[in-house]
Each structure stands twice: as structure tokens, then as C-alpha cells.
Amino acid sequence: MNLLDELRWRGMLHDAMPGTAEHLAAQQPVSGYIGFDPTGVSLHIGSLATIMLLVHLQRAGHRPVALVGGATGMIGDPSGKSAERNLLDEDTLRRNQAGIKAQLEKFLDFTPGPNAAVVVNNYDWFKDFGFLDFLREVGKHLTVNYMMAKDSVKRRLGSGEAEGEQRADGLSFTEFSYQLLQGYDFLHLFRTLNCTLQMGGSDQWGNITTGTELIRRLGDSDAKAYALTTPLITKADGTKFGKTEGGNVWLDPTMTSPYQFYQFFLNAADEDAPRLIRVFTLLTQAEIEALEAEHARAPHLRTLQKALAQDVTIRVHSEAAYETALAASQVLFGGGELSSLDEATLLDVFGGVPQVEVSRALLAEANVVTLLSDATNGVIFPSKGEARKMMQSGGVSLNRQKVAPEQVALDIPLLLDKYMVAQKGKKNYFLIKLN
């Protein structure tokens, strides 16, 4: 199966310039690139959708080029943005670039060979490119009318206002010039790496075709470059995919833990899972269709979501991180062992439940009734009587042990020598920390 057919059945092909399929078939390997904006120290799962374009490009025998925009990141891409972005300083950008490069190396094969992946930084060719030289060599080849016609520019200047009326915030010349810089990136890579294909999200079509136009105008008479875009990932209800109440879902485990990452995909809606498993995994069409059939027979088992969450967590983090996330998930939902969790995972699993602190001295004196009522300021039970009544019916546990009213709290083994997980009924959890 060729690259475009692979992307098409996965729902990852939005648009391609005429001749792209023939170019990919005729030349081996084709060098294709995607740019990544280093506005953060980590990429997020929205970026992962475009990383998968590079993965499929390499699997089809071509050479992936990942461009980290050290120069363009100082300006900011107006595509999909409704307001001017804050500009980052050079030290911040360099730190972000290093983090992103390390993440890209997880997905692409850099082993020397004809289709070995390459990471480049456009700061390397822009840092000594003077403003006047850029205007003379690049700027004069594209008209303002051409640049104004781009959707990303028109949206920022109009964005639903009455015809001819500009938004108050508008678009600065800095962001307006972004498409020229990205276009020059393509031209530079075309000249230095014989890069003839640029890929990206569908919102990048205007910037990408600026590059193909520059190559047409500044290249040799037979110079030809191509563009390919993938649909932006949205949920079935049309909202943006990749965000939670806490913000973006990041690829960096210190920003989004493997457990939270795993849970995000595990909790995908049934309407979204078929598309997500095609975009974010490398499972074959036959494997995915078999999973879909199994899921249809018993949707409550969430077969698709489990396969999706497993595959993506392993590739983004590791097999060990997946096993830890799975064990943590089973603790909360399947009765797994609490003692198997390290502190970070324990706090992750119970991050959304009410938490209270109790002194060790008080624990030594209290029975479980007092501990779960007065000692915890009524957070778990408002009164001793209510606590005693539920314990007598077997509805209360500490660290998975059913407790009776007469038990001494100190007899309950602690987790990590300082935590207790209280469970009230089937679904109400509380985390007690000793100080």
C-alpha cells in the first residue's frame, strides 16, 4: 500500500497538490518535512497527529525531516490563532527545542541510511540572514495580494466582522511575515536536502503553498515541490481534541503523567475511538476492523479504547509506563493492589478525590470511627453515628480492608508509611495523609 492510500484509509489525508502521488511513486526516497513550533518544552497529542505523518512517510520508504522552528518560534504562526502571541526569549526557545527534539527521536528512525530521519533547526539558516538581504532575495518574489489571500490572514483581519471592517487586534507585520519565513524554510530544505514535500495540519495549507510558490519562482525551470495536509483532530461533537479541564495533554511525562495520558485515551468516546485508533496507532486495517467488530459485540468492555490507550502509551512513554498506568487504573476501577503504586502514581490516581491531613499522634489515639469523622473534620463522615452505621453494614474500607467500628486506626497498614485510602460505598474515595 502506498503512502497516500495508507493515509486515506486512516482518515489522515485532507488535501494534496496534484501530482503528489506520482511524485512519491516515481522518486525513492522522497524527503518530506513538517515544522514544529517550539512554544513549549513539550509537544502535545495534537502534534502527535502530525508526527504520525512523518512516521508513515518513513515506513513507506521515504525520508522524514523534522524542522524545529527556532527562528519562526520567535515570531509565532497566526494560523488558527485569534490574537497575537507573546514572543519567547532565545533561552526559552533553546530549552524548548531540546525537549522537542528528544521527543521526536522516540518516533522516527535515525539509523544512518537513505531514509534516515533528520532534525533541523531553521535558526541555523536565519541567524545570519540580514533583514535587507531577506527582503531582496525573498520578499520581492511574493506580492502582498498573494499573502493577503491566505485564509490565516483573512481570518485575523476579518474573522466574521462586517465586510471591510478590521478586528481591533488585527495582525501585526511580524505575524504577517510568518508565511514568508516558512516558505523560505521549504526553499532552503529544497536546495540543501532535496526536500520536495511539506506536510502538516490542514490549517497549514496556506503557509505550505507559499513555500511551493517560492520554489517555483526561485528554483530551476523544472523545480517542483508538493504539499500534503492531514485533517485537524476534533471530537465527534466538533470540539478540539487533546485538551482536558487541566489543559493540553502533553507528551512529556512530567507535564502529563503516563497514568493521566493512558486515562485520556481510555476515556475516549465510542464515537471518537474508531478515528483515533486509525490516526494514533500503527495497527493494520485488518487489526482495527477486528477490534471494531469485537467492540460492537460488547461496547461496555471498551475494547477499542483499551487497544488505543495501550498502543499510544507504550510508544509515547514505554512498556513499563503502560504497565504502571494499567495497574493504577485497575486499583481504582478493578480492585488492584494499592501497595503496588509508587507515591507519584498514587497521588495521580487519587488526584481528583477529597484529601485530608491527619497528625500521626491523633492516629495513635483514634479508632476508625473517630478517624473518619472528627479527625478528618467531617470531610468523610459528618458524624460518628453515620460512620458507625455504614461500617456496620460493611460499606467502609481503609486501604482496601473492610473496617469495623471498634477497630483501632493504628492497626491499618499505611501506604508508603504516610497514606490511607478511605472508600465509602462503591464510588466515594478519600485520601488521608499523615503529617
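Further up the page is the structure itself.
What comes next concerns the included structure. (Residues numbered from 1 in each chain as written. Predicted model: local features only at pLDDT ≥ 70, side-chain atom pairs only at ≥ 80, totals over all residues. Heavy atoms only, no water.)

**Regarding helix α15 (residues 303-316)**
With 14 residues, α15 ought to run about 20 Å at 1.5 Å a step, and its terminal C-alpha atoms sit 20 Å apart, in line with that. Among the 14 residues of α15, ten are classified as buried, and the element is accordingly described as predominantly covered. Of the positions making up α15, those classed as buried are T303, L304, Q305, A307, L308, A309, D311, V312, T313 and V316. Contacts made by the buried residues of α15 are with α3 (45-59), α12 (258-266), α13 (273-280), α14 (285-297) and α16 (319-333). (Helix = DSSP H or I, 4+ residues; strand = E, 2+ residues; numbered from the N terminus. Expected span 1.5 Å × (residues − 1). Buried < 20%, exposed > 50% of the residue type's maximum accessible area, 1.4 Å probe, protein only. Contact = heavy atoms within 4.5 Å.)

**Observations concerning the packing of aromatic side chains**
Applying the stated criterion across every chain, the model contains twelve aromatic pairs. Here the aromatic rings of F129 and Y184 are separated by 5.2 Å at their centres, their planes lie at 65°, and the arrangement is edge-to-face. Highlighted residues: F129 in the loop between α5 (123-126) and α6 (131-137) and Y184 in helix α10 (residues 178-193), separated in sequence by 55 residues. Both residues of the pair, F129 and Y184, belong to the buried class. Chaining the aromatic ring pairs together yields one cluster made of F126, F129, F134 and Y184. Above the plane of the ring of F381 lies K424, whose end atom (NZ or CZ) is 4.6 Å from the centre. (Phe/Tyr/Trp six-rings, centres within 6.5 Å; stacked < 30°, edge-to-face > 60°. Lys NZ or Arg CZ within 6 Å of the ring centre and 35° of its normal.)

**Remarks on the packing of α13 against α15**
For the pair α13 and α15, the least separation of the axes is 10 Å and the interaxial angle reads 25°. With respect to each other, α13 and α15 are oriented roughly parallel. Handedness of the crossing formed by α13 with α15: left-handed. Seen from α13, the contacting residues are A273, P274, L276, I277 and F280; seen from α15, they are L304, Q305, A307, L308, D311, V312 and R315. When grouped by side-chain class, the residues that make up the contact of α13 with α15 number nine nonpolar, one polar and two charged. (Axes fitted to C-alpha atoms, helices over the stretch in contact; angles between N-to-C directions. Parallel < 35°, antiparallel > 145°, perpendicular 65-115°, else oblique. Left-handed = near helix turned anticlockwise from the far one by under 90°. Nonpolar A, V, L, I, M, F, W, Y, C, P; charged D, E, K, R; others polar.)

**Brief notes about α16**
Compared with an ideal rise of 1.5 Å per residue, which puts 15 residues at 21 Å, α16 spans 21 Å between its outermost C-alpha atoms and is within 8% of the ideal. Those residues of α16 hidden inside the fold are in contact with α12, α15, α17 (343-349) and β13 (428-434).

**Digging into the nonpolar core**
Ranked by size, the top nonpolar core spans 56 residues in total, and within it F36, I51, F265 and F280 carry the most contacts. Of all the elements, α3 adds the most residues to this core, at nine residues. Not counting residues up to four positions away in its chain, the partners in contact with I51 are F36, L43, L104, F107 and L251. Core analysis: the next-biggest nonpolar cluster, separate from the first, contains 29 residues, Y123, W125, F129 and L187 among them. (Core = buried A, V, L, I, M, F, W, Y, C linked by side-chain atoms within 4.5 Å.)

**Details of the sheet that holds strand β12 (residues 419-424)**
In space, the five strands of this open sheet follow the order β9-β13-β12-β10-β11, with mixed pairing throughout. Edge positions in the open sheet fall to β9 (355-358) and β11 (401-402), since each of these has one partner strand only. Pairing analysis gives three bridges linking strand β10 (residues 396-398) to β12, with the strands arranged antiparallel. Bridge pairing in β12 links L398 to A422. (Pairing = 2+ DSSP bridges.)

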